[in-house]
Amino acid sequence: MSIASESLDQVTFAPAPPWQRTLRTFRLETRGELMKLLRMPAFALPAFAFPLMFYALFGLAFGRGQQLGPVSVAGYMLATYGAFGVIGANLFSFGVGIASERGQGWMLLKRAMPLPPIIHFLARMVVGMAFSLLILLGLFALGIFFGDVSLPLATWVKLAVWLSLGGLPFAAFGLALGYLCGPNSAPAVINLIYLPMSFAAGLWLPYEVLPGFFQTLAPWLPAYHLAQQGLGILGADTHASLPQSAAYLLTFTALSLALGVFAYRRDSKSWG
Amino acid sequence: MIAPRSPLPAGTVHAGLQTAAQLASVTQRYGKVTALERIDLAIGSGEVVGLLGPNGAGKTTAIHLLLGLLRPSAGTARTLGHPPWSMAARTRTGAMLQIAKVPDTLTVHEHVELTASYYPRPRPIAETLDLAGLSGVENRLSGRLSGGQKQRLMLALAICGGPDLLFLDEPTAGLDVEARRELWRLIRRLAEAGGTVLLTTHHLEEADALASRIVILDRGRVIAEGTPEQIKRRALGSQIRCTTTTDSATAAGWPGVLNVERSGSALRLSADRAEPVVRRLLALDPQLADLEVRTAGLEEALLALTARKHETAGQEVAA
């Protein structure tokens, strides 16, 4: 192949229409993000296994045969551990993923390339949602086969759609944390937010049995609103209305995005 | 002032060249630290410019400014006639950054295919792989590549968009001699095909091997500029100091004299070779005193720079 003729070739190549090119970039970018998940199981496996393990222990073993209001414990905890799993998948894939790639200078190099950042974040979002759905399917299977949970198909679908869409506010929050935290501190910071928030929001133990202090705190936590509306879909007792929770989650998303944009703009230097 | 400036003022592109990238009177501060101070730098189309200097000299800052990763505190940066952060500039540039490490989970081919898709008129993938010396390992995961191959993958990502202007920030840092030579060969091939390149390095040898023009930066200022031959001649030359009545204009006219400076009664000259100049000085002024001859002024300086760099290799942060 002749190098000397390459500039001529480039002139005669007709570029693809911009929207077609953008679609192709988005498809390839999404594939790239997906491969990070599939080819690095050390990162994805805990995020997949922990919600399932917790659900098996608390929802299935510990809560066997018990009722919580109108629903079984095994059914109730599908919504709360579903929320737990979805939040973790989004916080870690955005927060830890971005922080570590910033640490390697990769995000800086990507910035110098003609890739609109929104395409990269959308690709991460799509993969985060797919991963969320995978966790939910695992939980649902456990509930169906080991917890005798039986629900109409429409309810399963509604629950899966609500929880996987409800992961997006946490993707936005993860994005902000990914740009605010250093590459080494990100996992610790995110765990310090994720785990206590999950407990306080009633994702591990039902809201009803939380100590009084946490019952007061819970309605201020976005995770609580995600789980409560999931419980509503199942027909369990809830403590927040859908408009309340939606307003809360939308506000949380807007604040997270604002923080994310601020942190992204500030992040002009590389780490080393 | 370690070395004299070349006859061309810094920031002037050789006649007949179009400017591909330019920093005009740019100052860059990080808090209280001034990384670049009113620097002028221009890269002509088709030129391979080597930016040489120690840690903290401002080399990486200059590249980040021209890539639009930083906005200058003062002055202007233009890349291919556009603001460096604009899509118009970015679709026509490619870069290797010093600490960038690609995610391990894609194959070489997938990485190149993805990055090339960002550009409107990318190079064919097979050609990119060939130019970067990666044919044969295209299906290997990037995490499984050797150090030299990883660096060549970074080069592949820099050139896959078919850029008109290439930025290489310390492209061979951390490579062994063989891998470094291989990368030089590939860069030279790109340059010979008419590419415009700005590369930073702390090795005079590397700048000499690749660049058509060398700009030496130290503590945010351009301290010398010229062709590799001019720089080397200066680097290998001698510094002469003496107390004499001989006038600087006279000495400046002598063959082999590169630069003359007078401070009070002292005259400082740099020259290709000290002996003929000293002979003339002594002949002209029998009263000449305090004669001092030091060889390799710039080389010494460059070696010192290089030594400092080696001690702290790998710790440079956006300097």
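Above this note sits the structure.
**Details of the overall build of chain B**
Part 1 of the argument: The number of helices and strands found in chain B is 11 helices and 13 strands.
Part 2 of the argument: Each of the 319 residues in chain B was classed as buried or not, and the buried ones make up 55%.
Part 3 of the argument: Accessible surface, chain B as shown: approximately 13,100 Å² in total, 49% of it carbon and sulfur.

**Concerning the sheet that holds strand E1 (residues 19-30) of chain B**
All names here are of chain B.
Part 1 of the argument: The strand order across the open sheet built from 3 strands is E2-E1-E4, with neighbouring strands paired in antiparallel fashion. At either end of the open sheet lies a strand with only one pairing partner, and these are strand E2 (33-44) and strand E4 (74-79). Averaged over all pairs of adjacent strands, the angle between their axes in this sheet comes to 20°, without regard to strand direction.
Part 2 of the argument: Note that E1 and E2 share 8 bridges and pair antiparallel. The residue of E2 that forms the bridge with Val26 is Ile39.
Part 3 of the argument: The strands touched by helix H1 (residues 59-66) are E1, E2 and E4; relative to E1, the strand with the most contacts, the crossing angle is about 120°.

**Side note on a nonpolar patch on the surface**
Residues and elements named next belong to chain A.
Part 1 of the argument: The grouping of Phe50, Met53, Leu57, Phe58, Phe62, Leu205 and Val209 at the surface amounts to a nonpolar patch, some 660 Å² of accessible area in total.
Part 2 of the argument: In this fold, Phe58 is placed in helix H3 (residues 41-62).
Part 3 of the argument: Take Phe58: its relative accessible area is 31%, and that puts it in the partly exposed class.

**Re the packing of aromatic side chains**
Residues and elements named next belong to chain A.
Part 1 of the argument: Counted under the stated rule, the structure contains 20 aromatic pairs over all chains.
Part 2 of the argument: With centroids separated by 4.9 Å and ring planes inclined at 10°, the aromatic side chains of Phe84 and Tyr194 adopt a geometry described as stacked. On the criterion of sequence distance, the pair formed by Phe84 in helix H4 (residues 73-103) and Tyr194 in helix H9 (residues 186-200) is long-range, its members being 110 residues apart. The same class applies to Phe84 as to Tyr194, namely buried.
Part 3 of the argument: Look at Phe199 and Phe214: their rings are 5.2 Å apart centre to centre, the planes differ by 85°, and that puts the pair in the edge-to-face class. Taken as a pair, Phe199 in helix H9 and Phe214 in helix H10 (residues 212-217) lie far apart in primary sequence, 15 residues in all.

**Examining the pattern of salt bridges**
If the charged atoms of two oppositely charged side chains come close together, the side chains can form a pair.
Part 1 of the argument: Going through the model one piece at a time under the given rule, you end up with 19 salt bridges over all chains.
Part 2 of the argument: Notably, a salt bridge pairs A:Arg124 with A:Glu101, separated by 2.9 Å at the nearest N-O pair. Of this pair, A:Arg124 sits in helix H6 (residues 117-146) while A:Glu101 sits in helix H4; the two residues are 23 residues apart in sequence, bridging distant segments of the chain. Take A:Arg124 and A:Glu101: they sit in the same class, and that class is buried.
Part 3 of the argument: With a shortest N-O distance of 3.0 Å, B:Glu205 and B:Arg181 are connected by a salt bridge. Taken together, the residues span a long stretch of sequence, with B:Glu205 in helix H7 (residues 204-210) and B:Arg181 in helix H6 (residues 177-192) at a distance of 24 residues.
Part 4 of the argument: A residue is classified by how much of its surface remains accessible, and B:Glu205, at 46% relative accessible area, is partly exposed.

**Examining the interface of chain A and chain B**
Part 1 of the argument: Listed as interface residues are 34 residues of chain A and, on the opposing side, 40 residues of chain B.
Part 2 of the argument: Summing both sides of the interface, chain A and chain B together bury roughly 3,700 Å²; the carbon and sulfur share of this comes to 64%.
Part 3 of the argument: Where chain A packs against chain B, one counts 3 salt bridges.
Part 4 of the argument: A salt bridge links B:Glu113 to A:Arg24, with the nearest nitrogen and oxygen atoms 3.7 Å apart.
Part 5 of the argument: Inspection of the region where chain A meets chain B yields 10 residue pairs in polar contact (both at pLDDT 80 or more).
Part 6 of the argument: Among the elements that line the side of chain A that touches chain B, the one with the most residues is helix H2 (residues 18-39) of chain A, at 10 residues.
Part 7 of the argument: Looking at the side of chain A that touches chain B residue by residue, the class counts come to 16 nonpolar, 8 polar and 10 charged.

**Thoughts on the side chain of B:Thr93**
Residue and element names in this part refer to chain B.
Part 1 of the argument: When you line up the elements, Thr93 lands in strand E5 (residues 93-96).
Part 2 of the argument: Residue Thr93 is classed as buried on the basis of its relative accessible area, which comes to 4%.
Part 3 of the argument: Filtering out sequence-adjacent residues up to four positions away, Thr93 remains in contact with Leu67, Thr79, Leu80, Tyr119, Pro163, Leu165 and Phe167.

**Focus on the packing of helix H11 (residues 222-234) of chain A against helix H12 (residues 242-266) of chain A**
How two helices pack is summed up by the angle between their axes together with the distance between the axes.
Residues and elements named next belong to chain A.
Part 1 of the argument: At a closest axis distance of 9 Å, the pairing of H11 and H12 adopts a crossing angle of 140°. The angle between H11 and H12 places the two elements in the oblique class. Crossing angle aside, the handedness with which H11 passes H12 is left-handed. Where H11 abuts H12, its residues Pro222, His225, Leu226 and Gln229 lie against Leu242, Ser245, Tyr248, Leu249 and Phe252.
Part 2 of the argument: Each residue belonging to the contact of H11 with H12 can be placed in one class, and the counts come to 6 nonpolar, 3 polar and no charged.

**Digging into the sheet that holds E5(B)**
Residues and elements named next belong to chain B.
Part 1 of the argument: If you trace the 6 strands from one edge of the open sheet to the other, you get E5-E6-E7-E3-E8-E9, paired in mixed fashion. The open sheet has two free edges, formed respectively by E5 and strand E9 (221-226), since each of these has just one partner strand. Here the average twist between neighbouring strands, direction ignored, is 15°.
Part 2 of the argument: Sheet topology places strand E8 (residues 213-218) next to E9; 5 bridges connect them, and they run antiparallel. Across the sheet, the residue bridging to Val215 is Glu225, located in E9.
Part 3 of the argument: Contacting E5 and strand E6 (165-169), helix H5 (residues 147-159) crosses the sheet at an angle of about 165° to E5.

**Thoughts on H2(A)**
Part 1 of the argument: For H2(A), which comprises 22 residues, the first-to-last C-alpha distance of 31 Å matches the rise-based estimate of 32 Å (1.5 Å per residue) to within 8%.
Part 2 of the argument: Three or more residues of H2(A) are buried, namely A:Thr25, A:Leu28, A:Glu29, A:Thr30, A:Gly32, A:Glu33, A:Met35, A:Lys36 and A:Leu37.
Part 3 of the argument: Next to the buried residues of H2(A) lie H3, H4, helix H5 (106-112) and H6 of chain A together with helix H3 (108-116) of chain B.

Cut-offs applied
- Residues numbered from 1 in each chain as written.
- Chains lettered and ligands numbered in written order.
- Predicted model: local features only at pLDDT ≥ 70, side-chain atom pairs only at ≥ 80, totals over all residues.
- Heavy atoms only, no water.
- Helix = DSSP H or I, 4+ residues; strand = E, 2+ residues; numbered from the N terminus.
- Buried < 20%, exposed > 50% of the residue type's maximum accessible area, 1.4 Å probe, protein only.
- Areas by Shrake-Rupley, 256 points an atom, 1.4 Å probe, with all protein chains shown as cover.
- Pairing = 2+ DSSP bridges.
- Axes fitted to C-alpha atoms, helices over the stretch in contact; angles between N-to-C directions.
- Contact = heavy atoms within 4.5 Å.
- Patch = residues over 30% accessible without salt bridge, like charges linked within 9 Å, V, L, I, M, F, W, Y side chains within 5 Å.
- Salt bridge = Lys/Arg side-chain N within 4 Å of Asp/Glu carboxyl O.
- Phe/Tyr/Trp six-rings, centres within 6.5 Å; stacked < 30°, edge-to-face > 60°.
- Buried area = accessible area lost by both parts, 1.4 Å probe.
- Polar contact = N/O pair within 3.5 Å; in protein donor to acceptor, adjacent residues only side chain to side chain.
- Nonpolar A, V, L, I, M, F, W, Y, C, P; charged D, E, K, R; others polar.
- Parallel < 35°, antiparallel > 145°, perpendicular 65-115°, else oblique.
- Left-handed = near helix turned anticlockwise from the far one by under 90°.
- Expected span 1.5 Å × (residues − 1).

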